[in-house]
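Each chain is listed here by its residues.
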Number of protein chains: 2
Amino acid sequence: MSLSHAILTALIDENLTGYELAKQFDVSLGFFWQASHQQIYRELKQLHEQGFVAVEEVPQLAKPDKRVYSLTAAGQKMLEVWILAPTRSRHSKDELFIKLYNVGLVPVASIVAAIGQRQAEHQRKLALYRKIESRSYADPAQLSDRKKGIYLSLLAGIRQEEMGLGWCSDARKLLASVTT
Amino acid sequence: MSLSHAILTALIDENLTGYELAKQFDVSLGFFWQASHQQIYRELKQLHEQGFVAVEEVPQLAKPDKRVYSLTAAGQKMLEVWILAPTRSRHSKDELFIKLYNVGLVPVASIVAAIGQRQAEHQRKLALYRKIESRSYADPAQLSDRKKGIYLSLLAGIRQEEMGLGWCSDARKLLASVTT
DNA sequence: CGGTACATGTAATCTGTTACATGATTCA
DNA sequence: TGAATCATGTAACAGATTACATGTACCG
């Protein structure tokens, strides 16, 4: 599976605790891969047993102790091997389309409403991505190699949301002609 | 969850066996929701226990007996209620982006290769969707209400693949400037 | 006083994937 | 003869979600 690979990837630049990793999966990496803290703690335990990450226990005053994880040579090796292997394609599962198959069964208004929600979500995400873009990736050609890769992920997000907005607009237009 | 809703949706127009449903999830519905026959049989069993579908056993000569499922009034009701409820947003999980975060760690060529595979996949799907479009949805405004909804799902697929191709092309351009 | 941030986990349940199992018929 | 289609399932495992559990500190 690849949550493990996402975790190892996050550990390349910095050593992180499970807690911090969970936050990373809420932003940045999280734009295209999400995971809850429960999943992350479980996965870290396994990665540690397999020797792909090392842990350092850091006692703290007045706060729970930390477990700071870092990438080992074996971990980096396994990540490299995985990158060379074929990429599984994303399997999209989108409830909205199941709803669309039911135009005619329920009042269109309810389906239009669902599209409206989706539209708002696209707008929110697009605004966020654009903000990140202008803040850190204004001149793509000048970025470091690593940043170029990250920028391309962001670009995919931007295109994705733009496409979604275009589709929402088409959908609203066509559904306007439905009378149920 | 919504595999159940996808199944009920498929049963609106026709009564189907688990086997036939599994095939539907390979095409049509399957463009945005996939499920294996094992999942479908398990789900049908539960839907039956809950009274959302009815079964008719059809003995056959020289072939295994069939179990033909149909939507019950309770099933339709529950589908309607679900449609009115808020739609969960799709959680995209795409390994390709994890690989992109690792530009710099491995030779770029390997990442470019992964993008090449993705590009081919987009092309294949786009060609298929376009074929279906020209065959059955050439004049969207003239479609029945129900077909309009289905067409919009197809349109989302088309836009998705077009967007993906555009992104692949951008990605290749930018990665051409990476030398590792 | 209440909420948020810090920090880690367990347990139960639900989904999804992979492998195994059966057995006739049709087509190349 | 071997592969594909029809038709149903079980079992084991992997992955994801939801709920529960604990406890301090800081900010308003």
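No experiment lies behind these values; they were computed from the predicted model shown.

Enquirer: Can you help me understand the protein's contact with DNA strand C in this one?
Expert: Close to DNA strand C lie 22 residues; A:Tyr19, B:Met1, B:Gln38, B:Gln39 and B:Arg42 are nearest. Among all atoms of DNA strand C positioned within 4 Å of the protein, those belonging to sugar or phosphate total 59%. The side chain of A:Tyr41 places a nitrogen or oxygen atom 3.0 Å from a phosphate oxygen of DNA strand C. Measuring from a phosphate oxygen of DNA strand C, one finds a side-chain N or O atom of B:Gln39 at 2.4 Å. Elements with a minimum of two residues in the surface near DNA strand C: helix H2 (18–24), helix H3 (37–49) and strand E3 (66–71) of chain A together with helix H3 (37–49) of chain B.

Enquirer: Sorry if this is basic, but what is going on with the sheet that holds strand E2 (residues 53–58) of chain A here?
Expert: Where strands meet in a sheet, backbone hydrogen bonds hold them as pairs that are either parallel or antiparallel. Residues and elements named next belong to chain A. Spatially, the 3 strands line up as an open sheet ordered E1-E3-E2, and their pairing is antiparallel. The outermost strands of the open sheet, each flanked by one partner alone, are strand E1 (16–17) and E2. The pairing of E1 with E3 spans 2 bridges and is classified as antiparallel. The residue bridging Thr 17 from the neighbouring strand is Val 68, located in E3. Sitting on the sheet, H3 touches E2 and E3, and the angle it makes with E2 is about 115°.

Enquirer: Explain unusual backbone geometry to me, please; I cannot follow it from the model alone.
Expert: With the exception of glycine, the majority of residues adopt a negative phi angle, and the majority of peptide bonds are in the trans configuration. Residues and elements named next belong to chain A. Backbone geometry at Ser 28 places phi at a positive 35°, although glycine is not the residue there. Note that Ser 28 resides in the loop between H2 and H3. Residue Ser 28 is classed as partly exposed on the basis of its relative accessible area, which comes to 24%.

Enquirer: Can you help me understand the relation of the copies chain B and chain A in this one?
Expert: For the pair of chain copies, the relating operation is a rotation around an axis with a shift along it. When chain B is fitted to chain A, the best match, at an RMSD of 0.1 Å, comes from turning it 180° and sliding it 0.0 Å along the axis. In symmetry terms, the pair is related by a two-fold rotation axis. A high fraction, 100%, of the interface residues of chain B reappear at the interface in chain A, so the copies pair face to face through one surface.

Enquirer: Teacher, can you tell me more about the protein's contact with DNA strand D here?
Expert: Around DNA strand D lies a shell of 22 residues, among which A:Met1, A:Gln38, A:Gln39, B:Tyr19 and B:Arg67 are the nearest. Considering the 4 Å shell around the protein, atoms of DNA strand D inside it are sugar or phosphate in 61% of instances. Residue B:Tyr19 places a main-chain N or O atom 2.8 Å away from a phosphate oxygen belonging to DNA strand D. B:His37 is positioned such that a nitrogen or oxygen atom in its side chain is 3.2 Å from a base oxygen of DNA strand D. Per-element accounting of the surface near DNA strand D gives the leading share, 4 residues, to H3(B). Taken together, the residues of the surface near DNA strand D break down into 6 nonpolar, 8 polar and 8 charged.

Enquirer: Got a minute to help me understand the pattern of salt bridges in this structure?
Expert: Side-chain pairs of opposite charge can arise where the charged atoms are in close proximity. Residues and elements named next belong to chain A. Scanning the entire structure with this criterion turns up 14 salt bridges over all chains. Measuring nitrogen to oxygen at the nearest pair gives 2.8 Å for the salt bridge that ties Asp 94 to Arg 118. Linking Asp 94 in the loop between helix H4 (73–84) and helix H5 (95–100) with Arg 118 in helix H6 (residues 108–136), this pair joins segments that are 24 residues apart in sequence. For Arg 118, a relative accessible area of 6% gives the class buried. Connected via shared salt-bridge partners are Arg 130, Glu 133 and Glu 162.

Calculation notes
- Residues numbered from 1 in each chain as written.
- Chains lettered and ligands numbered in written order.
- Predicted model: local features only at pLDDT ≥ 70, side-chain atom pairs only at ≥ 80, totals over all residues.
- Heavy atoms only, no water.
- Near = heavy atom within 4 Å.
- Polar contact = N/O pair within 3.5 Å; in protein donor to acceptor, adjacent residues only side chain to side chain.
- Helix = DSSP H or I, 4+ residues; strand = E, 2+ residues; numbered from the N terminus.
- Pairing = 2+ DSSP bridges.
- Contact = heavy atoms within 4.5 Å.
- Axes fitted to C-alpha atoms, helices over the stretch in contact; angles between N-to-C directions.
- Buried < 20%, exposed > 50% of the residue type's maximum accessible area, 1.4 Å probe, protein only.
- Least-squares fit on C-alpha atoms with pLDDT ≥ 70 in both.
- Nonpolar A, V, L, I, M, F, W, Y, C, P; charged D, E, K, R; others polar.
- Salt bridge = Lys/Arg side-chain N within 4 Å of Asp/Glu carboxyl O.

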